[in-house]
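What the coordinates show
As a plain string of letters, each chain reads:
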Amino acid sequence: MKIVYFSVTGQTRRFIKKLDLAAYEIEPANPFFEINEPFVLVVPTYDQEITEVVNDFLDYKNNQEYLQGVAGGGNLNFAELYVYTAKDIARDYNVPMLFAFEFSGTNEDVESFKKVVNELESKRN
C-alpha cells in the first residue's frame, strides 16, 4: 500500500524514510497530484492554515476515494491536541485513525506502523 505524507519540519519525512515503503510527499507548491491507488496518509500536527495543502491534495480528482486511513505525528506534551490534524482528517473524510507517533517515531513505532499498513492491505485483498 502506498504511503502519502506531508512534512513541515522534516519529522514526518524522517519517519517515512525509516519505513522503506513506497511513498509520495505532498508538495506545498503543487498539491494537485492524482494518486489512483489505495494509500495511507501520514501528517504532522499543525494548524489548518499550514496543513490546508493536504486537504487540497485529498480533494483533488478522486484522491479521497483511495484514502484508506490516517496516521499522525506530534508531541505528547500537547495532551488533547496530540495528533489533532490526523484525527480531524479521519473525521472529516470518514476514514479510520490508524496510528499515532511522537516526533519522528521510534524503531518500535516504525515496526508497529508497518504492521498496521500490512494488515490494512491484507484486508483489501
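Residues numbered from 1 in each chain as written. Predicted model: local features only at pLDDT ≥ 70, side-chain atom pairs only at ≥ 80, totals over all residues. Heavy atoms only, no water.

For the chain, an unreviewed UniProt entry supplies the name NrdI protein and the organism Enterococcus caccae ATCC BAA-1240.

To continue, consider the pairing of strand 5 (residues 97–102). Note: strand 4 (residues 67–74) against strand 5, five bridges, orientation parallel. Along strand 5, the bridge assignment pairs A71 with F99. Between the parallel elements strand 4 and strand 5, the chain passes through helix 4 (residues 84–92) in a crossover that is right-handed. (Pairing = 2+ DSSP bridges. Helix = DSSP H or I, 4+ residues; strand = E, 2+ residues; numbered from the N terminus. Right-handed = clockwise from strand over helix to strand, strands pointing away.)

A few words on the sheet that holds strand 3 (residues 39–43). Taken together, five strands build an open sheet; the order of strands is 2-1-3-4-5 and the sheet is parallel. At either margin of the open sheet sits one strand with a lone partner, and together these are strand 2 (23–25) and strand 5. Going across the sheet, the axis of each strand differs from the next one's by a mean of 20°, ignoring polarity. Seen against the sheet, helix 2 (residues 48–59) touches strand 1 (2–5), strand 2, strand 3 and strand 4 and runs at an angle of roughly 170° to strand 3. (Axes fitted to C-alpha atoms, helices over the stretch in contact; angles between N-to-C directions. Contact = heavy atoms within 4.5 Å.)

So, about the pattern of salt bridges. Within the structure shown, the criterion is met by four salt bridges. A salt bridge links E25 to R13; the nearest nitrogen and oxygen atoms lie 2.6 Å apart. Here E25, found in strand 2, pairs with R13, found in helix 1 (residues 11–19); they are 12 residues apart in sequence, far enough to count as distant. In this structure, D92 and R91 form a salt bridge, with 2.9 Å as the shortest nitrogen-oxygen distance. In this structure R91 comes out as exposed when scored by relative accessible area, which is 55%. Among the charged side chains, a salt-bridge network with shared partners connects D88, R91 and D92. (Salt bridge = Lys/Arg side-chain N within 4 Å of Asp/Glu carboxyl O. Buried < 20%, exposed > 50% of the residue type's maximum accessible area, 1.4 Å probe, protein only.)

For the rest of this paragraph, the subject is the nonpolar core. Counting residues in each nonpolar core, the largest one holds 19 residues, and the members touching the most others are I26, L41 and L58. Elements represented by at least two residues in this core include exactly strand 3, helix 2, strand 4 and helix 4. It is helix 2 that contributes the most residues to this core, four residues altogether. For L41, the residues in contact, after removing those within four places along its chain, are V4, I26, V54, L58, L67, G69, V70, A71 and I89. (Core = buried A, V, L, I, M, F, W, Y, C linked by side-chain atoms within 4.5 Å.)

This part covers the packing of aromatic side chains. This structure, assessed with the given rule, holds seven aromatic pairs. Between F15 and F113 the ring centres are 5.5 Å apart and the planes differ by 65°, which places this aromatic pair in the edge-to-face class. Highlighted residues: F15 in helix 1 and F113 in helix 5 (residues 107–124), separated in sequence by 98 residues. Looking at F15, the relative accessible area reads 0%, which means it is buried. Every member of this aromatic cluster is reached through a ring pair, and the members are F15, F99, F101 and F113. (Phe/Tyr/Trp six-rings, centres within 6.5 Å; stacked < 30°, edge-to-face > 60°.)

The subject of this paragraph is the environment of R124. When you line up the elements, R124 lands in helix 5. Classification of R124 as partly exposed rests on a relative accessible area of 46%. With residues up to four places along the chain from it excluded, the contact list for R124 reads M1, P38 and Q68.

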